Amino acid sequence: KGSAVTLTGVVPTAADRDEVDKVAAAFDGIETVDNQLVVLQDEVQKTLSADGFDGVTAELDKYDVTLKGTVNSDDNAQRLETAVAAVPGIGEITN
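Structural notes, computed from the coordinates. (Residues numbered from 1 in each chain as written. Predicted model: local features only at pLDDT ≥ 70, side-chain atom pairs only at ≥ 80, totals over all residues. Heavy atoms only, no water.)

1. Digging into the overall build of the protein
Turning to step 1, where the next piece is worked out: The secondary structure content of the protein amounts to 3 helices and 7 strands.
Turning to step 2, where the next piece is worked out: Reading the protein from its N end, one meets helices and strands in the order β-β-α-β-β-α-β-β-α-β.
Turning to step 3, where the next piece is worked out: Taking 12 Å as the expected radius of gyration for a compact globule of 95 residues, we find that the protein reaches 17 Å, considerably beyond that expectation.
Turning to step 4, where the next piece is worked out: Buried residues in the protein amount to 22% of all 95 residues. (Helix = DSSP H or I, 4+ residues; strand = E, 2+ residues; numbered from the N terminus. Rg over C-alpha atoms; globule rule 2.2 N^0.38 Å. Buried < 20%, exposed > 50% of the residue type's maximum accessible area, 1.4 Å probe, protein only.)

2. Some remarks on the sheet that holds strand E6 (residues 64-69)
Turning to step 1, where the next piece is worked out: The 3 strands lie next to each other as E5-E6-E7, forming an open sheet whose pairing is mixed. Two strands bound the open sheet, and with one partner strand each, they are strand E5 (56-61) and strand E7 (93-94).
Turning to step 2, where the next piece is worked out: In the sheet, E5 pairs with E6 via 6 bridges, with the strands oriented antiparallel. For Ala58, the partnering residue across the bridge sits in E6 and is Leu67.
Turning to step 3, where the next piece is worked out: Those strands touched by helix H2 (residues 40-50) are E5 and E6, and its axis lies near 160 degrees from that of E5. (Pairing = 2+ DSSP bridges. Contact = heavy atoms within 4.5 Å. Axes fitted to C-alpha atoms, helices over the stretch in contact; angles between N-to-C directions.)

3. Quick word on the environment of Gly89
Turning to step 1, where the next piece is worked out: You can see Gly89 is positioned in the loop between helix H3 (74-85) and E7.
Turning to step 2, where the next piece is worked out: Its relative accessible area of 37% is what places Gly89 among the partly exposed residues.
Turning to step 3, where the next piece is worked out: For the pair Gly89 and Thr13, spaced 76 residues apart in the sequence, the C-alpha separation amounts to 12 Å.
Turning to step 4, where the next piece is worked out: With sequence-adjacent residues up to four places away left out, Gly89 is seen in contact with Val10, Leu40 and Tyr63.

4. Here's the deal with the pattern of salt bridges
Close approach of charged atoms lets side chains of opposite charge pair.
Turning to step 1, where the next piece is worked out: Under the counting rule described, the total for this entry stands at 3 salt bridges.
Turning to step 2, where the next piece is worked out: Measuring nitrogen to oxygen at the nearest pair gives 3.7 Å for the salt bridge that ties Asp18 to Arg17.
Turning to step 3, where the next piece is worked out: Using a relative accessible area of 40% as the deciding quantity, one classes Asp18 as partly exposed.
Turning to step 4, where the next piece is worked out: Using a relative accessible area of 25% as the deciding quantity, one classes Arg17 as partly exposed.
Turning to step 5, where the next piece is worked out: Residues Glu59 and Lys68 are paired through a salt bridge, measuring 3.4 Å at the closest nitrogen-oxygen approach. (Salt bridge = Lys/Arg side-chain N within 4 Å of Asp/Glu carboxyl O.)

From the geometry alone we can't say anything about function, so treat these as descriptive.
Below you can see the structure in the form of structure tokens.
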């Protein structure tokens, strides 16, 4: 009988999550894969929306993020960067 494997951690994109799932499932003896990988791109977008930064976009390069858009104050720019930096797995931030 096959074994189960649970995948945890952070990957940059949904395509990366799907690829890791396929690779894990291809191992001999693996019957089920519980893919709990967090997609960094999704988490950054959720953070931007939840914190009211709908006018800001995020471009990811692996684990590094470039924020583009306009905020109405330096305090909000700092708040934005702090919120994105709190997302697990984020590398460098260019704001």
